[in-house]
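Spelled out, the chains give:
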Amino acid sequence: MNVKLNFWVDLATFAGFLVAMEPRATGITIHEWFTVAAVGTLIVHFVLHWDWFMKLTSRFFVKLFHSSRLNYLLSILVFIGFISIMVSGLMISERVLPFFGLDVPARFAWRRIHDLASNLTLLLTAVHVALRWDWVVAAFTRILIDPFRKPRKIDPVLAEEDGI
Ligand code: HEM
């Protein structure tokens, strides 16, 4: 796995999510177009972690209690969460759908679902990141701190991923 690519994609995904959580700050037009465009970042994130996901799928029943198993289940919930946010977002869309000539009559339930799914998914994403905190710190140190330090140290958390 490419640590640098992963780090920047993860950071962009998380930062984008936080911006999406504040539609009143950005205005609804930016909120809608930005999140629809950001789906690309999410797809790259999923593709980059596909090997990890498949490896854990095959090992799922081997080791019963492990943080990676919890994160595996969490990542499925986060995935379902994003699908719910996007579908409910499109159902209440005031800009994107009308732009394509589609008009879905606004329904109160979709607004509630959009709000609830956003808040729950943010919470799940925070735990998802917290469970990989060792990786975040190691990648942060390597990419943003190590270049200013000499000589470079090989971090054991990242060495395995790089095949060192
Ligand atoms: C990661 C993706 C997204 C996140 C995290 C997100 C999050 C949110 C949040 C937190 C709100 C405020 C809810 C409230 O306080 O009532 C909101 C409102 C809204 N979102 Fe999203 N959203 C996302 C994607 C989308 C998409 C794709 C669309 C449509 C194309 C959309 C359309 C809307 C609309 C129209 C509102 C305003 C609802 C109102 O007027 O109360 N959202 N979104």
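As a reminder, the structure under discussion sits directly above these lines.
Rules behind the numbers
- Residue positions are given per chain, counted from 1 along the sequence in the order it is written.
- Side-chain atom pairs in this predicted model are given and counted only at pLDDT of 80 or more, local residue features only at pLDDT of at least 70, and totals for whole chains, interfaces and linings cover all residues.
- Helix numbering and strand numbering both begin at the N terminus, where a helix is a DSSP run of H or I of at least 4 residues and a strand a DSSP run of E of at least 2.
- For the exposure call, what matters is how many other C-beta atoms sit within 10 Å of a residue's own: 20 or more marks it buried, 12 or fewer exposed, and in between partly exposed, using C-beta atoms placed from the backbone.
- With axes taken as lines fitted to C-alpha atoms, and helix axes fitted only over the stretch in contact, angles between N-to-C directions fall between 0 and 180 degrees.
- Here roughly perpendicular refers to angles of 65 to 115 degrees, roughly parallel to angles under 35, roughly antiparallel to angles over 145, and oblique to all remaining angles.
- Handedness of a crossing is defined here by the sense of rotation of the near helix relative to the far one, left-handed for an anticlockwise turn of less than a right angle and right-handed for a clockwise turn.
- By the convention adopted here, residues make contact when the C-beta atoms placed from their backbones lie within 7 Å.
- Side-chain classes are defined by residue name, with Ala, Val, Leu, Ile, Met, Phe, Trp, Tyr, Cys and Pro counting as nonpolar, Asp, Glu, Lys and Arg as charged, and the others, Gly among them, as polar.
- Whether a residue is near a molecule or strand depends on its C-beta atom, placed from the backbone, lying within 6 Å of it.
- Working rule for helices: expected span equals 1.5 Å times residues minus one.

Enquirer: Describe the overall build of the protein, naming the residues involved and giving the relevant values.
Expert: Of the regular secondary structure elements, the protein holds nine helices and zero strands. From first element to last, N terminus to C terminus, the protein shows the α and β order α-α-α-α-α-α-α-α-α. Looking at the protein residue by residue over its 164 residues, the buried ones come to 13%.

Enquirer: So, the packing of helix α1 (residues 3–20) against helix α3 (residues 28–48): which residues are in play, and what are the values?
Expert: Interhelical geometry of α1 versus α3 gives an angle of 150° and a closest axis separation of 10 Å. It follows that α1 is roughly antiparallel to α3 by the angle criterion. Considering the relative orientation of α1 and α3, their crossing is left-handed. Touching L5, N6, V9, D10, A12, T13, G16, V19 and A20 of α1 are H31, F34, T35, A38, T41, L42, V44, H45 and L48, all from α3. For the contact of α1 with α3, the class distribution of residues is ten nonpolar, seven polar and one charged.

Enquirer: Break down the site of the ligand for me, with residues and values.
Expert: Near the ligand lie 21 residues; those nearest to it are A20, E32, T35, G89 and S118. Sorting the residues of the shell around the ligand by element identifies α1, α3, α5 (67–91) and α7 (108–130) as the ones contributing at least two each. Broken down by element, the shell around the ligand gets its largest block of residues, five residues, from α3. Partitioned by chemical class, the residues of the shell around the ligand number eleven nonpolar, six polar and four charged.

Enquirer: Please provide a residue-by-residue account of the environment of A20, values included.
Expert: Along the chain, the position of A20 falls in helix α1. The partly exposed category is assigned to A20, around which 19 C-beta atoms lie within 10 Å. The spacing of A20 and H31 is eleven residues in sequence and 6.0 Å in space, taken between C-alpha atoms. Not counting chain neighbours up to four residues away, the residues in contact with A20 comprise H31, F34 and T35.

Enquirer: Explain the environment of N119 to me, and be specific about the residues and the numbers.
Expert: Note on placement: N119 falls in helix α7. For N119, a count of 13 C-beta atoms within 10 Å gives the class partly exposed. Once the C-alpha coordinates of N119 and I85 are considered, the two residues, 34 residues apart in sequence, prove to be 9.7 Å apart.

Enquirer: A description of the packing of α1 against helix α8 (residues 133–145) should follow, citing residues and the corresponding values.
Expert: At a closest axis distance of 10 Å, the pairing of α1 and α8 adopts a crossing angle of 105°. When the axes of α1 and α8 are compared, the pair comes out roughly perpendicular. Where α1 approaches α8, its residues V3, K4 and F7 are matched on the opposing element by A139, R142 and I143. Grouping the amino acids of the contact of α1 with α8 by side-chain chemistry returns four nonpolar, no polar and two charged.

Enquirer: Residues and numbers for α3, please.
Expert: Over its 21 residues, α3 runs 30 Å from end to end, which matches the ideal 30 Å to within 8%, given 1.5 Å per residue. Of the residues making up α3, those classed as buried are H31, E32 and T35.

Enquirer: Could you give me a rundown of the environment of S118, with the residues and numbers involved?
Expert: With respect to the helices, strands and loops of the structure, S118 is situated in helix α7. Under the C-beta neighbour-count criterion, S118 is labelled buried, with 20 such atoms within 10 Å. If we skip the residues at most four places from it in the chain, S118 touches M21 and I85.

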